[in-house]
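Chain by chain, the residues run as shown.
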Amino acid sequence: VSQNSLQEAFSAQSLADLLQADCLLTELVGCSDTLCESIMPLAKAQPGSLSFAVSEKQAPLLEITKASVLILPSSLKAFIKPSVRACLYVTAPYLAYAKVSSLFDKCPAQDAGIHSSAIIHETANLGVNVYIGPNVVIEAQAKVSDNTYIGANSFIGARTQVGEGCRIHPNVTLYHDVQIGDRVIIHSSAVIGSDGFGFAPSQDGWVKIHQIGGVTLGDDVEVGAGTTIDRGALEDTFIGAGVKLDNQVQIAHNVHLGEHCAVAACVGIAGSTKLGKGCTVAGGVGIAGHLDITEDVHFTGNTTVTRSVRKPGSYSSGTVIEPSGQWRKNAARFRSLDELFRRVKMLEKKLS
Amino acid sequence: VSQNSLQEAFSAQSLADLLQADCLLTELVGCSDTLCESIMPLAKAQPGSLSFAVSEKQAPLLEITKASVLILPSSLKAFIKPSVRACLYVTAPYLAYAKVSSLFDKCPAQDAGIHSSAIIHETANLGVNVYIGPNVVIEAQAKVSDNTYIGANSFIGARTQVGEGCRIHPNVTLYHDVQIGDRVIIHSSAVIGSDGFGFAPSQDGWVKIHQIGGVTLGDDVEVGAGTTIDRGALEDTFIGAGVKLDNQVQIAHNVHLGEHCAVAACVGIAGSTKLGKGCTVAGGVGIAGHLDITEDVHFTGNTTVTRSVRKPGSYSSGTVIEPSGQWRKNAARFRSLDELFRRVKMLEKKLS
Amino acid sequence: VSQNSLQEAFSAQSLADLLQADCLLTELVGCSDTLCESIMPLAKAQPGSLSFAVSEKQAPLLEITKASVLILPSSLKAFIKPSVRACLYVTAPYLAYAKVSSLFDKCPAQDAGIHSSAIIHETANLGVNVYIGPNVVIEAQAKVSDNTYIGANSFIGARTQVGEGCRIHPNVTLYHDVQIGDRVIIHSSAVIGSDGFGFAPSQDGWVKIHQIGGVTLGDDVEVGAGTTIDRGALEDTFIGAGVKLDNQVQIAHNVHLGEHCAVAACVGIAGSTKLGKGCTVAGGVGIAGHLDITEDVHFTGNTTVTRSVRKPGSYSSGTVIEPSGQWRKNAARFRSLDELFRRVKMLEKKLS
């Protein structure tokens, strides 16, 4: 187990090679064998650090940074001071930073292997080069594909399939009959496949509607810590390829998220609602059930969405902070707002 | 372990018998030995599927459905086409669907037994026909009653009692001194009995008020994934019989939920608040502490509740979505709303 | 394992000694050997109970209480009835209650020891008198300091350090490279050190920005059930000493919480936002990213915070509940609020 490997250092040349492969690099200027041991923000970087700038607003920080190597757009060339030993000029600096960040990730890479304490049903199907952590439980006919990591104390239910190259962190629960694509990341305490919230009223109280569908997650999905995705009532709840869900997101039964949606923390999406491709949902948004949200819609933080949206664009609701004493007066007045409109209409009539 | 049982098929007659027992069936028309292998929505059903309709709005779907067996109200009799081989006419079709849905649930039924890796205190008390999954930990003097299922990696604290016929899914935490009724379902990552949030201010910062009460859950409660229910400060937090809590609900210390309340996802109920019987709380609602909400109150999605409610009915707060540019102007104006009312009053005075 | 110890009883004198040590006691009046077996609210207390009153509003309850021992301010002396056998007069009764509450806590005290099922990397470092519960997993070079309790099925990642006298409840996940101070309490299903939500857009979708920072929690922090704290993008996410986080709080990457902040349940704080010392955040509040909130700010329940706050005080947003029919009219009008202001301005012009 290579949990304790020392941080490596990377030469400016090796970073350049990586960015060249992604067609991001335009030029490497300076000493190509300069080593970077860390990435830091411009203001905090030390000799031996890599840092990055994305726009001319950061020019003042380039004056003071102690970073040895920089990733930046060529428009910032004029601001480089001599202590910087190598500059990687790129077409998309933020994306270039994302690409090189993977080199510095300290998340332990585990050697493949199945821990002796894992409890794996005899009919489960494990690919090659998998890591199955301590106390993992894998039930009947489940499948874990090649190069996938299942963290300690996680549970994989019957017939659930996890694709290739996934990382399921510790203490995750995947219920039965869940389909997980390739390269999916699921963070701790997430739950996928719990029962949708469906009950029929009766004289004796709520009668459970058993949730017979499953959940399908496409390739390259990331699911945050504590996020919950319910199984469908009859068909699968569906999360498209490339969707990113932050922490404590709640996805109800039968929801359909189009490809590449990004959903920030504490968002709840109620049953059977569909979001088109590329929607971005800020933190704390609540979306009612049975709505149809088209592609490329953005909701700002804490917005309440109670109607379908047919037109791409940014949408909001709510009010903004003010001192509580003043707010109490305004909030009290809100309850007479309709009446106020009618009073103003009356005044307008009188005056015309 | 019968995790891998094949899906069974059910005859129209066997469904009729089930619904008859619940006094829901009025008539079975057609071929009573027609088999159903699945339930599907009308539009997606295939030959061999059971489907259901609840109102005349669905008449157009009855024209196109390929389902072999239908559950529906007799008012829809005229719309049945010949490919439907059997119709179950019922008085309450949605409830009838809920009743038969249990037959098609693929959630693995586990044979009773205690997994060898479970760690059970010698003073714990296990009923007959219980399933205790891998790595379950049960502490001193805890009790698990007959026919109850405790999923893998769950924790049952000291002196906690779980009733009969419960299903505690994997990775659930029940702290010490928690009382769980019969036929309770608790989904993964839920936590019951964590400390209420109580601190006394002091010169040295917040001093913890130890939470000495427990939690009581009545019979037939369901608790969603990631839901948290805190123990009481001095007495028990109380969840009445038949209450249904969706995912990521937060119930603070000393809350009292009357029987048959239904609380959708992402709701938070602050300390010592009481809800009467049969309240329904939509997703994302926040209810302040020390409030008294009477019976049969409904709060719509994302409502903020800061005062007690004495009268049954539906309540709301907030504003509705609009394009963000337009919203910014309106939200800015809200901060002068009280002033606007005074300006209008002044105009009215001048004009009268 | 002392999970099943019987509840002890405490004499009025022993409580007085405890409060004297904290300089809270002014006087013990009555029979100092009266025993208390429980703490209860005034109205529910029985003979043998300790109870407490904090203000003169509670004088009527002093008339009816059956408590044997009371903690109260000397201003309430006149209301004591003869059945009360001992009174502890204190300068700060709520704080005194907090102090004595620890005596009555039934949370099992575990004897130190490492359960045979725990899986501890050979390079991990365990202090003296630690309790490591069943199925705990501790990875390479992690450290658990003296007198700390790690609950069943919890996971401690590589190089993570847990201070002295902590209580990590069952089913907690601490990722790698997390620093936990002394006397920290973390409740079940909490996750600390999950990846911050950072992605760069590209033609092929979102590209993950690896999260290289860690998380630092100061001394005396408490973290509620299901709360998630993400690791920093480059530097550590920081939670100051004495901070109390309730259940289902979400702290994004690079957030900085000053000392002694108290954050109630269901709050989300987005990336890189800073709160000064002593802020109190009520339930359900959402705070946008990259904001700077000064010291001693209070946000009321469910407030949406989208701008920095430079001045201490209480802030709010939103509207208050009203019957849904009436609310729908007002909410519809809100969308024309800016227009209404302009109409009123026009009227004022005409009339002047």
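Throughout this description, residue numbers start from 1 for each chain and increase along the sequence as written. Chains and ligands are labelled by the order in which they are written, letters from A for the one and numbers from 1 for the other. Per-residue local features are limited, in this predicted model, to residues with pLDDT of at least 70; the limit for side-chain atom pairs, both in listing and counting, is 80 or more; totals at the level of whole chains, interfaces and linings are taken over all residues. Water and hydrogen atoms play no part in the side-chain values, which are based on all heavy atoms of the structure.

1. Observations regarding the overall build of chain A
- On a plain count of helices and strands, chain A comes out with 5 helices and 40 strands.
- With the radius of gyration taken over C-alpha atoms, the globule rule is written as 2.2 Å times the number of residues to the power 0.38. For 352 residues, the compact-globule estimate of 2.2 N^0.38 gives 20 Å, and the C-alpha radius of gyration of chain A, at 26 Å, exceeds that figure by more than 25%.
- With the C-alpha coordinates aligned to their principal axes, the bounding extent of chain A is approximately 75 × 75 × 35 Å.
- Throughout, exposure labels follow a simple rule: accessible area from a 1.4 Å probe, protein chains only, divided by the maximum for the residue type, with under 20% read as buried, over 50% as exposed, and the rest as partly exposed. Expressed as a percentage of its 352 residues, the buried residues of chain A come to 58%.
- Restricting the contact set of chain A to residue pairs at least 6 apart, pairs at least 24 apart contribute 21%.
- Carbon together with sulfur atoms contributes 51% to the accessible area of chain A, which is approximately 13,000 Å² in total. Strands here are runs of E lasting at least two residues and helices are runs of H or I lasting at least four, both read from the DSSP assignment and numbered beginning at the N terminus. Contacts are assigned to residue pairs with any non-hydrogen atoms lying within 4.5 Å of each other. For every accessible area listed, the method is Shrake-Rupley and the probe measures 1.4 Å; residues are considered covered only by the protein chains on display.

2. Digging into the side chain of A:Glu222
- Positionally, A:Glu222 belongs in strand 25 (residues 222-223).
- We define a polar contact as two N or O atoms separated by no more than 3.5 Å, with the added condition that, inside protein, one atom must be a possible hydrogen donor and the other a possible acceptor, whereas residues neighbouring each other in sequence contribute only through side-chain atom pairs. Side chain to side chain, A:Glu222 and A:His187 meet in a polar contact 2.9 Å long.
- Polar side-chain contacts of A:Glu222 include one of 2.9 Å to the side chain of C:Lys208.
- Apart from the residues within four sequence positions on either side, A:Glu222 is in contact with A:Ile185, A:His187, A:Val243, A:Lys244, A:Leu245, C:Asp195, C:Phe199 and C:Lys208.

3. Points about the interface of chain A and chain C
- Listed by partner, the interface residues are 75 residues for chain A and 82 residues for chain C.
- We define buried area as the total accessible area lost by two parts upon association, computed with a 1.4 Å probe and summed across both. Of the roughly 6,600 Å² buried between chain A and chain C, counting both surfaces, carbon and sulfur atoms make up 61%.
- Taken as a group, A:Ile321, A:Phe334 and A:Phe341 account for 12% of the area that chain A buries against chain C, more than any other trio of residues on that side.
- The salt bridge definition used is simple: a Lys or Arg side-chain nitrogen within 4 Å of an Asp or Glu carboxyl oxygen. Along the contact surface separating chain A from chain C lie 4 salt bridges.
- A:Glu348 is paired through a salt bridge with C:Arg343; the nearest N and O atoms lie 2.8 Å apart.
- The tally of links between chain A and chain C comes to 34 residue pairs in polar contact (both at pLDDT 80 or more).
- Elements with a minimum of two residues in the side of chain A that touches chain C: helix 3 (93-101), strand 28 (244-245), strand 31 (262-263), strand 40 (322-323), helix 4 (324-334) and helix 5 (337-351) of chain A.
- Residue contributions to the side of chain A that touches chain C peak at 10 residues, all from helix 5 of chain A.
- Residue composition of the side of chain A that touches chain C, grouped by class: 36 nonpolar, 25 polar and 14 charged. Lys, Arg, Asp and Glu make up the charged group, whereas Ala, Val, Leu, Ile, Met, Phe, Trp, Tyr, Cys and Pro make up the nonpolar group; the residues left over, Gly among them, are polar.

4. Some words on the relation of the copies chain C and chain B
- Superposition of the copies was done by least squares, using only C-alpha atoms of residues whose pLDDT is at least 70 in both. Least-squares fitting of chain C to chain B yields an RMSD of 0.0 Å, with the superposition described by an axial translation of 0.0 Å and a rotation of 120°. Given the turn and translation reported, the copies of this chain are related as if by a three-fold rotation axis.

5. Examining the interface of chain C and chain B
- Across the boundary between the two partners, chain C contributes 75 residues, which contact 82 residues of chain B.
- Taking both partners together, chain C and chain B bury about 6,600 Å²; carbon and sulfur atoms supply 61% of that area.
- When the area that chain C buries against chain B is broken down by residue, the three leading residues are C:Ile321, C:Phe334 and C:Phe341, summing to 12%.
- Applying the counting rule to chain C against chain B returns 4 salt bridges.
- With a shortest N-O distance of 2.7 Å, B:Arg333 and C:Asp338 are connected by a salt bridge.
- Elements that contribute at least two residues to the side of chain C that touches chain B include exactly helix 3 (93-101), strand 28 (244-245), strand 31 (262-263), strand 40 (322-323), helix 4 (324-334) and helix 5 (337-351) of chain C.
- Among the elements that line the side of chain C that touches chain B, the one with the most residues is helix 5 of chain C, at 10 residues.

6. Considering the pattern of salt bridges
- Inspection of every chain in the model, using the stated rule, returns 33 salt bridges over all chains.
- The partner of C:Glu235 in a salt bridge is A:Lys44, and the shortest N-O contact between them spans 2.8 Å. Taken together, the residues C:Glu235 in the loop between strand 26 (228-230) and strand 27 (237-239) and A:Lys44 in the loop between strand 4 (38-39) and strand 5 (49-52) connect one chain to another.
- Here C:Asp22 ties to C:Lys99 by a salt bridge, and the two come within 3.5 Å at their closest N and O atoms. Here C:Lys99 lies in helix 3 and C:Asp22 lies in the loop between helix 1 (12-21) and strand 2 (25-30), a separation of 77 residues in the sequence.
- By relative accessible area, C:Lys99 is classed as partly exposed at 25%.

7. Here we look at the packing of aromatic side chains
- Pairing of aromatic rings covers Phe, Tyr and Trp, the last through its six-membered ring, and needs centres within 6.5 Å; plane angles under 30 degrees mean stacked, over 60 mean edge-to-face, and all others mean tilted. A full pass over the atoms with the stated rule returns 21 aromatic pairs over all chains.
- Aromatic pair A:Phe197 and A:Phe199: ring centres 5.1 Å apart, planes at 80°, arrangement edge-to-face.
- Since its relative accessible area comes to 10%, A:Phe199 is described here as buried.
- Among the aromatic residues, those joined into a cluster by ring pairs are A:Phe52, A:Tyr94 and A:Tyr97.
- Placement of a positive charge over a ring is assigned whenever Lys NZ or Arg CZ falls within 6 Å of the ring centre and within 35 degrees of the normal to the ring plane. Residue placement shows C:Arg167 over the ring face of C:Tyr149; its charged tip is 3.7 Å from the ring centre.

Remember that the coordinates give geometry; whether it matters functionally is a separate question.
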